[in-house]
Amino acid sequence: MRPSQHRRVGLERVIRLLLVGLSMAWSAAAAAEPRSIDYLYIEANEGGSSGGHVALRFDADTFHFQQAGEGLLRLRRDDAAAFLLRYTLLGNRPIHESRIAVSDDTYDRLRAAFTRRLLVQDAQYEHLEALEADVALVARWPRRAPPEAAGGDFGAAVRAAGYFLPDGFSGDPPAGDRSAALLALRARIAAAYGEDFVPDRVRALRASLAVWTPRAVRDPAAPLARDTYPSFAPTASTTHAEQLEALTALEVLDAAPALRADAYRVAADMPGLDAHERRSLTRFAEELSADLVSLAASPRPDFGYPLLLGLARLAALEASLTSGRLVLLDHFAADAPAAALPEGGQRTAALDALAAWVRPPAERARQEFFVQDHFREADYTELETAWNRWLEVERARQPGTPLRMERGPLLPGRAAMRREDDAAPLDAAIGRGELAAARAAAAAYRARLAELYGYNLISRNCVSEIFATIDAGLAETAPGGSGLDESRRRLGGVVQTRYSFNFIPVVSSAAVERNYTTVGRRTLPSYRQLRLAQLAAEEPAWRVAVRESNTLTATAYHPDPRDSAFLFFTDDAGALRPLLGTANLLVGVADGTLGLLTWPADAGARLRAGWSGALFSLPELAGVNIRKGSMAYVEPDLLSQVAGSGAAAQPVVTAP
Amino acid sequence: MRAIASLLLGSSLVLLLGGCSISESSSNPFEWSSDSTGSSSGSSSRNRGEEYRNDVRQYTQAYVQSGGDFDTFTHGLSGIASKHGVSNWESDDNTYVGIGQGLKQAGVTTMQLDVWKTNLSKGDAKKAAAIQKGYDSVQGPN
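**Student:** Teacher, can you tell me more about unusual backbone geometry here?
**Tutor:** In most cases, non-glycine residues show a negative phi, while peptide bonds are predominantly trans. All names here are of chain A. Backbone geometry at Ala603 places phi at a positive 60°, although glycine is not the residue there. Tracing the chain through its elements places Ala603 in the loop between helix H17 (577-602) and helix H18 (605-621). Residue classification places Ala603 among the exposed positions, given that 10 C-beta atoms sit within 10 Å.

Structure (structure tokens):
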């Protein structure tokens, strides 16, 4: 190795040690305090958060408020490392953290307050989704008399049915192979509850569905409150879905079909099952089978989906034991959206980085699953989810294969459309009345939610709601007393967002530092800042500065497809910002103008990027930086740094 | 000139104040791949169980204090469980321990607890014991 290379390697080691040392000092400081919570201020970037963002972190959970569409604010709880990945790396934004010292009791109360608010809000929003589903259901429900009769076959999607049945299935048993595991389960249920148990339940459900028609919610919802858990009766769409799921689950149980060929994934390129794993899977299949025997007789109206999913998983376990390889259900819906990936060599780099991110959780999940003595569904879901993501990334390496994404709940729900030939049609006039009532109910409820959670730039935003939740949590500790006094006693002071500029994220961060008992402050650098520091350790500073100053030659920029058009990075431009901003403005205008010509071909993408680019260049002319560029992907070594900073240390899993 | 400066400062102000929250939709696969409880930061089975139990506890306390009925309680439980990767909450002991904890925090008496145990366990002694274990694990009156 040449002397210059020794120097570069040495400098790189110094920087890594520095970063590790800072993290350890931060962690040591934190460990010395009884408890702490972290107030996070995330710097601005273009897009929906041009004013910055804020969050509150409790160890591995980060709470923050986001806009959820239609002008409503919604509380989110994210994994701490995932939050950092999204904002510091992909979002390329520095995060400024203020550590607030609190007692155990204060920590528990505040965390409970945020969790409660999250659960209450989720239930309130889920009711809105149910009411909107009612509108959709009534709108397409068959009518008795034309011309309002719904055209075409009437059907409904049944969750998890897609693992056994094709779209357009009816109640008839599917043709094809049978699953020995499901046949054995059917026999166990017959032995437990009688031979007629399943057929009787099926008959009862069919009879119920044959006369069932949807009815809109007419009673106005009870008053909503942020911390009062709502109690809603199931709506028509919920009841209908549950009945179909229950009926389909029992029909599948009775028919005991094998999994569809496209319903599962095989970890063919990974090591096969060893003897310990085979024994574990055999034990788990037995425990799952016992759970399903109980579930088949459950009086829960929503037993159908977990039963269908359990049947599919039992069949997958059977396939694993038969093949000697891990076989898992495919989590992705048939219409799962595809990720926007870059093209060419950048696509390969993006997939490599993504594989480096998703592979460790998959291997860890496998290790952890087979360490357990008993089958725990949550662990199996984690295994399915982690492996599906990894296998999906590997699959997307094939030319022309999209990378599917599936967000939201972890549970797999490959749906299939069930034909409902026997659905009782609605009288046309009644149908119109129900549809009007369903629309009115959804609109009225949405208005109630807007009263509670409607976004307002000054009085109800991501900052104000953080402090409102803190105040509510502390007020509970002093019934009849003052929340402000409790804030002073427990947090060292008060941060008010009304009648002040504290509703602005950067101002709120300063207010937290000024008023609360903060014991530390640190800044997590953005992706670009981290990469520039790495590059500066390896190359002359002037070369890095010139090359990395613009989007044409920068290596520390993997543009997100949604980024606006710009030429120069101005977050570190200092006095040159107005000049570079002028160039950016011209680029944006030119690109936007060109976009008028390319509109037919690109659906207006260049037009939007151009004029958005011009807009975000305007503050740069005044010396203000907002835009920093976002990343489509980041390098694996930075991913592991993020995974290790901020989140609590995790135990190492060892096999018995 | 003054007008241009005002326009620039005004536009900066509008953009800076223009919404501090990001809408949820994303087509970035990195965000998608980290969108599950604990999978990116290496949450263990024990942690997952604890997180689920904590949510069930909070949910139970909030629900009982809000005065909802039993049928809707179990329905809401399904929603909580699904967010933690559990479709069949009846077969997970953490469900019952969390319920017991939540009932204690909600101030439910031992007599009321027995009613909850009967309704939820449906004669299963193991489930009833888990509820009792959760109830006993929380310090406080009753």
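**Student:** Is there a simple way to explain the packing of helix H5 (residues 197-211) of chain A against helix H6 (residues 236-255) of chain A in this structure?
**Tutor:** The geometry of a pair of packed helices is captured by two quantities: the angle between their axes and the separation between those axes. All names here are of chain A. Here H5 crosses H6 at 150°, and the two axes come no closer than 10 Å. Considering only the axes of H5 and H6, their crossing is left-handed. Counted together, Val198, Arg201, Val202, Leu205, Arg206, Ser208 and Leu209 of H5 and Gln243, Ala246, Leu247, Leu250, Glu251, Leu253 and Asp254 of H6 form the full contact between these two elements.

**Student:** Please clarify how helix H14 (residues 505-515) of chain A should be interpreted in this entry.
**Tutor:** Side chains three or four residues apart in an α-helix point the same way, a direct result of the helix having 3.6 residues per turn. All names here are of chain A. Taken together, the buried positions of H14 are occupied by Pro505, Ser508, Ser509, Ala511 and Val512. Looking straight down H14, one finds that the buried residues subtend no more than 160° of arc, so they occupy a single side. Among the structural elements, strand E1 (35-42), strand E2 (53-58), strand E5 (95-102), helix H12 (462-475) and strand E10 (518-524) are those in contact with the buried residues of H14.

**Student:** How should I be thinking about the sheet that holds E2 of chain A in this particular structure?
**Tutor:** All names here are of chain A. The six strands are arranged E4-E3-E2-E1-E5-E10 in an open sheet whose pairing can be described as antiparallel. Bordering the open sheet on either side are strand E4 (73-79) and E10, each of which pairs with just one other strand. Ignoring strand direction, the axes of neighbouring strands in this sheet form an average angle of 25°. Relative to E10, E5 is paired through six bridges, and the arrangement is antiparallel. Each bridged residue has a counterpart across the sheet, and for Ile100 the counterpart in E10 is Thr518. The sheet strands contacting helix H2 (residues 80-90) are E1, E2, strand E3 (61-67), E4, E5 and E10, and the helix crosses E4 at an angle near 110°. In this fold helix H3 (residues 104-140) packs onto E1, E2, E3, E4 and E5, with an angle of close to 125° to the strand it touches most, E4.

**Student:** Honestly, the domain arrangement of chain A in this entry has me stumped. Any pointers?
**Tutor:** Accessible area lost upon the coming together of the parts serves often as the stated size of an interface. Domain parsing of chain A yields domain 1 (33-126 + 447-524), domain 2 (150-263 + 275-320 + 412-424) and domain 3 (543-644). Just the C-alpha atoms count here: the centres of domain 2 of chain A and domain 3 of chain A sit 50 Å apart.

**Student:** What is the right way to look at the packing of H6 of chain A against helix H8 (residues 304-323) of chain A in this model?
**Tutor:** Residue and element names in this part refer to chain A. Axis separation between H6 and H8 bottoms out at 7 Å; the angle between their running directions is 35°. In this structure, H6 meets H8 at a crossing whose hand is left-handed. Contact residues: H6 offers Glu242, Glu245, Ala246, Thr248, Ala249, Val252 and Leu253, while H8 offers Gly304, Tyr305, Leu307, Leu308 and Leu311. Looking at the contact of H6 with H8 residue by residue, the classes come out as eight nonpolar, two polar and two charged.

**Student:** What exactly am I supposed to notice about the nonpolar core here?
**Tutor:** Across soluble globular proteins, nonpolar side chains show a tendency to be buried alongside one another. Core analysis: the biggest nonpolar cluster contains 146 residues, and Leu308, Leu311, Ala312, Leu314, Ala315, Ala316 and Leu354 of chain A have the highest contact counts within it. At eleven residues, the largest contribution of residues to this core is made by H8 of chain A. Of all hydrophobic cores here, the second largest spans 27 residues; its members include Ala123 of chain A together with Trp89, Val108 and Trp116 of chain B.

**Student:** Just to check I follow, could you spell out the environment of Glu70 of chain A for this structure?
**Tutor:** Considering the arrangement of structural elements, one finds Glu70 of chain A in the loop between E3 and E4. The spacing of Glu70 of chain A and Arg446 of chain A is 376 residues in sequence and 9.4 Å in space, taken between C-alpha atoms.

**Student:** Help me understand H18 of chain A, please; the structure alone is not making it clear to me.
**Tutor:** Its 17 residues place the ends of H18 of chain A 25 Å apart at the C-alpha level, agreeing with the 24 Å of an ideal helix rising 1.5 Å per residue. Extensive coverage of H18 of chain A is indicated by the burial of 13 of its 17 residues.

**Student:** Explanation requested: the confidence of the model for chain B in the structure shown.
**Tutor:** Reading predicted coordinates in detail is not appropriate for stretches of low pLDDT. Residue and element names in this part refer to chain B. Across chain B, pLDDT averages 83, with 74% of residues at or above 70. Taken element by element, the predicted model of chain B shows its lowest mean pLDDT in helix H1 (residues 2-17) (65) and its highest in helix H5 (residues 93-105) (97). In this model, residues 37-41 is a region of pLDDT below 50 whose contacts with residues beyond four sequence positions or in other chains number 27 contacts. Both scores are given for the predicted complex: the pTM is 0.90, the ipTM 0.91.

Rules and cut-offs
- Chains are numbered independently. Their residues run from 1 in the order of the written sequence.
- To label them, take the chains in the order written and letter them from A, then take the ligands in the order written and number them from 1.
- In keeping with the predicted nature of the model, local features appear solely for residues at pLDDT of at least 70, side-chain atom pairs appear and are counted solely at 80 or more, and the whole-chain, interface and lining totals rest on all residues.
- Helix and strand assignments come from DSSP, with helices taken as H or I runs of at least 4 residues and strands as E runs of at least 2, each series counted from the N terminus.
- To sort residues by burial, count the other C-beta atoms lying within 10 Å of each one's C-beta; a count of 20 or more means buried, 12 or fewer means exposed, and anything in between means partly exposed. C-beta atoms are built from the backbone.
- Axis definition: a line fitted to C-alpha atoms, over the contacting stretch in the case of helices. Angles run 0 to 180 degrees between N-to-C directions.
- Working rule for handedness: look at the near helix, and if it is turned counterclockwise from the far one by less than a right angle, call the crossing left-handed; if clockwise, right-handed.
- By definition, residue pairs are in contact when their C-beta atoms, positioned from the backbone, come within 7 Å.
- Note that the arc is computed from the directions linking the helix axis to the C-beta atoms.
- Between any two strands, at least two bridges found by DSSP are needed for them to pair.
- Boundaries between domains were set according to an automatic or database domain assignment.
- Classes in brief: Ala, Val, Leu, Ile, Met, Phe, Trp, Tyr, Cys and Pro nonpolar; Asp, Glu, Lys and Arg charged; the others, Gly included, polar.
- The nonpolar core criterion groups buried Ala, Val, Leu, Ile, Met, Phe, Trp, Tyr and Cys residues into a set whenever they are joined through C-beta atoms within 7 Å.
- Here the expected length of a helix is defined as 1.5 Å per residue gap, with one fewer gap than residues.
- Values of pLDDT, ranging from 0 to 100, describe the predictor's confidence in every residue of the model.

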